[in-house]
Amino acid sequence: QPNKTAIIFEADNGQVTRITYKDLYHRVCRFANGLKKLGITKGDRVLIYLPMSIEAVIAMQACARIGAIHSVVFGGFSAKSVQERIVDAKARLVITADGQYRGGKEMPLKPAVDEALAMGGCDSIEKVVVYKRTGGDIKMAAGRDSWWHDVEAAQSDVCEPEWVNAEHPLFILYTSGSTGKPKGIQHSTAGYLLWAHLTMNWTFD
């Protein structure tokens, strides 16, 4: 059912956006093709530091589609938290936004990424993709930073999935680090997807 609603997103200001499975699929494919054009390939680690949004889902699914291993960092975490996870995962790419809204207030995200990269140890990072969420004034590093809309512009809305084996890492989820260095938990592709499928069947019927 391609025209069935896949996601209903309610923004901080109450604005509601709906996206169908067909539109979600095409947006995932376009962004996945854009990531490939940036040089991201199977096995590369990608850090996702985005606000709650449809784009966060697109970023995760685009990574999965090309076999890249994503790691989501909560948008409320500090620059130091971002830096620690980049270093540990040896990420090649960060996907972020210019900013986000919380409780009616605009809060920056891209400046925290810039701060994290300036802390050192982040030499693995080659590219930063920035989604324009708030339109806030941010700095873009030439040769490193790209706007999300430019990355997916003119890309095909079809992207054949990269086939991976059952044990290929799907994503890395880090502990909060509140009691020490964050610990990354690696989830395999088949194991996680089977768990998710069975949870839908057995828990939610």
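Structure report, in brief. Sequence order as written defines residue numbering, which begins from 1 separately in each chain. Local features in a predicted model are, by the rule used here, given only for residues with pLDDT of at least 70; side-chain atom pairs are given and counted only at 80 or more, and totals for whole chains, interfaces and linings are based on all residues. Calculation of side-chain values draws on the structure's entire complement of heavy atoms; hydrogens and water are dropped beforehand.

Right, let's get into the overall build of the protein chain. Each helix and strand in the protein chain was counted, giving 6 helices and 11 strands. In terms of its C-alpha atoms, the protein chain occupies a principal-axis envelope of roughly 45 × 35 × 35 Å. A burial count over the protein chain gives 42% of its 205 residues as buried. In what follows, a contact means two residues having at least one pair of non-hydrogen atoms within 4.5 Å. Taking contacts inside the protein chain between residues at least 6 apart in sequence as the whole, the part at least 24 apart equals 67%. Areas reported here follow the Shrake-Rupley algorithm with a probe of radius 1.4 Å; residue values treat only the protein chains shown as occluding. In the form shown here, the protein chain has an accessible surface area of approximately 11200 Å², with 53% of it arising from carbon and sulfur atoms. Positive charges come from Lys and Arg, negative ones from Asp and Glu, while His and the chain ends are left out of the count. Note on charges: their place is set at NZ of Lys, CZ of Arg, CG of Asp or CD of Glu. The centroid of the 24 positive side-chain charges in the protein chain is displaced by 1 Å from the centroid of its 22 negative side-chain charges. By the criteria applied, helices consist of DSSP H or I runs no shorter than four residues and strands consist of E runs no shorter than two, each listed in order from the N terminus. We call a residue buried when its accessible area falls under 20% of the maximum for its residue type, exposed when it is over 50%, and partly exposed in between, using a 1.4 Å probe and counting protein chains only.

Note on placement: Ser176 falls in the loop between strand E10 (169-174) and strand E11 (184-188). Separated by 145 residues in sequence, Ser176 and Phe31 have C-alpha atoms that sit 28 Å apart. Once you skip the residues sitting within four places of it in the chain, Ser176 turns out to touch Phe77 and Arg85.

Looking now at the pattern of salt bridges. Salt bridges are defined by distance alone: a side-chain nitrogen of Lys or Arg within 4 Å of a carboxyl oxygen of Asp or Glu. Scanning the model with the defined rule gives 10 salt bridges in all. Here the salt bridges do not stand alone but share partners, grouping Lys110, Asp114, Arg144 and Asp145 into one network.

On to helix H2 (residues 54-66), then. Helix span, as expected, comes to 1.5 Å for every residue beyond the first. The first and last C-alpha atoms of H2 sit 19 Å apart over 13 residues, in line with the 18 Å expected at 1.5 Å per residue. All of the buried residues along H2 are Ile54, Glu55, Ala56, Ile58, Ala59, Ala62, Cys63 and Ile66. Gly67 sits one or two positions beyond H2 and adopts a positive phi of about 80 degrees.

This brings us to the pairing of strand E8 (residues 127-131). Within a regular beta strand, the side chains point alternately toward one face of the sheet and then the other, so they alternate between its two faces. Within E8, 4 of the 5 residues are buried, which leaves the element mostly enclosed by the surrounding structure. We call two strands paired when DSSP finds no fewer than two bridges between them. Direction of pairing for strand E5 (residues 93-97) relative to E8: parallel, over a ladder of 5 bridges. What sits directly across from Val94, in E8, is Val128. Sheet topology note: the E8/strand E9 (residues 145-147) ladder contains 3 bridges and is parallel. Bridging from a neighbouring strand, Val130 pairs with Trp147 of E9.

Let's shift gears to the nonpolar core. Counting 49 residues, the largest nonpolar core has Phe31, Leu35, Val46, Leu50, Ile86, Ile95 and Trp148 as its most contacted members. With 7 residues, H2 is the largest single contributor of residues to this core. When residues no more than four places from it in sequence are discounted, the contact partners of Trp148 are Arg27, Phe31, Leu50, Glu55, Ile58, Ala59, Ile95, Val129, Val130 and Tyr131. Throughout this description, the term nonpolar core refers to a set of buried Ala, Val, Leu, Ile, Met, Phe, Trp, Tyr and Cys residues connected via side-chain atoms within 4.5 Å.

This brings us to helix H6 (residues 189-202). Over its 14 residues, H6 extends 20 Å from the first C-alpha to the last, a length consistent with the 20 Å expected when each residue adds 1.5 Å. Looking at where H6 begins, the residue whose side-chain oxygen comes 3.4 Å from the main-chain nitrogen of Gly191 is Ser188. Definition of a polar contact: a pair of N or O atoms within 3.5 Å, with one able to donate and the other able to accept a hydrogen when the atoms are protein atoms, and with sequence-neighbouring residues admitted only if both atoms are side-chain atoms.

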